[in-house]
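Letter by letter, the chains look like this.
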Amino acid sequence: MKHIITIASAAALGMSTPVFASAGGSCHFHGNKPAAAATVASCAVQRKDVLVTSGKIDAAWKAVRQEKIEQVEGKKGTEWKVTFKDPAAKVKTKETLYMFFTVPGNFIAANFTGQ
């Protein structure tokens, strides 16, 4: 029993205790509870910003707003499909960015094909 450190004594010793972000803050969800469209839309913007920052998509996408969010049938069942459209895109085949999320709100993939 000597080796058990309680949270109170850990705090007294200056040890940090784990902190868990809320589901909306991290855009990582557990369980099968369907996410609200607004939650998925917010996560899509966060994920789009990560794609811009990492250089996977052009920086111009940072300013592009969401055009549509809908539930569609994917390869593994129902998914959220979030669409961003940039009519000023230089390459017409990259004019629309599609992002896919599970029904609970976890990111699946992003592409320019919609598939």
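**Details of the nonpolar core**
W61, V82, F84, M99 and F101 are the most contacted members of the largest nonpolar core, which has 17 residues in total. Elements that contribute at least two residues to this core include exactly helix 3 (37-53), strand 2 (77-85) and strand 3 (96-102). The leading source of residues in this core is helix 3, at five residues.

**Brief notes about the environment of E95**
Considering the arrangement of structural elements, one finds E95 in the loop between strand 2 and strand 3. What makes E95 buried here is its relative accessible area of 17%. When the C-alpha positions of E95 and F84 are compared, they lie 8.5 Å apart, and in sequence the two are 11 residues distant. If sequence neighbours within four positions are ignored, E95 has contacts with W61, F84, K85, D86, P87 and A89. Here the side chain of E95 touches K92 through a polar contact of 3.3 Å, side chain to side chain.

**Thoughts on helix 3**
Compared with an ideal rise of 1.5 Å per residue, which puts 17 residues at 24 Å, helix 3 spans 24 Å between its outermost C-alpha atoms and is within 8% of the ideal. Within helix 3 the residues assigned to the buried category are V40, A41, C43, A44, K48, D49, L51 and V52. On its buried side, helix 3 packs onto strand 1 (66-74), strand 2, strand 3 and strand 4 (107-111). At the exit of helix 3 stands G55, carrying a positive phi of roughly 80°.

**A word on the environment of K76**
Assignment of secondary structure puts K76 in the loop between strand 1 and strand 2. Residue classification places K76 among the exposed positions, given a relative accessible area of 84%. A sequence separation of 26 residues divides K76 from T102, and the C-alpha atoms of the two residues are 9.5 Å apart.

**Considering the pairing of strand 3**
Here strand 3 lies mainly inside the structure; six of its seven residues are buried. Relative to strand 3, strand 2 is paired through seven bridges, and the arrangement is antiparallel. Each residue of the ladder has a partner; that of K81, found in strand 3, is F100. As defined by bridge partners, strand 3 adjoins strand 4 across four bridges and the pair is classed as antiparallel. The residue of strand 4 that forms the bridge with F101 is F107. Linkage of strand 3 to strand 4, two consecutive antiparallel strands, is achieved through a turn of four residues, within which G105 is found at a positive phi near 115°.

**Observations regarding the pattern of salt bridges**
Scanning the model with the defined rule gives four salt bridges in all. For E70, the salt bridge identified is with K68, shortest N-O distance 3.6 Å. Residue class for K68 comes out partly exposed when judged on its relative accessible area of 41%. As a salt-bridge pair, K92 and E95 come within 3.3 Å of each other at their nearest N and O atoms. Residue classification places K92 among the exposed positions, given a relative accessible area of 55%. Each of K85, K92 and E95 takes part in salt bridges that share partners, so that together they form one network.

Conventions adopted
Residues numbered from 1 in each chain as written. Predicted model: local features only at pLDDT ≥ 70, side-chain atom pairs only at ≥ 80, totals over all residues. Heavy atoms only, no water. Core = buried A, V, L, I, M, F, W, Y, C linked by side-chain atoms within 4.5 Å. Buried < 20%, exposed > 50% of the residue type's maximum accessible area, 1.4 Å probe, protein only. Helix = DSSP H or I, 4+ residues; strand = E, 2+ residues; numbered from the N terminus. Contact = heavy atoms within 4.5 Å. Polar contact = N/O pair within 3.5 Å; in protein donor to acceptor, adjacent residues only side chain to side chain. Expected span 1.5 Å × (residues − 1). Pairing = 2+ DSSP bridges. Salt bridge = Lys/Arg side-chain N within 4 Å of Asp/Glu carboxyl O.

Take it as geometry only, folks, not as evidence of what the structure does.
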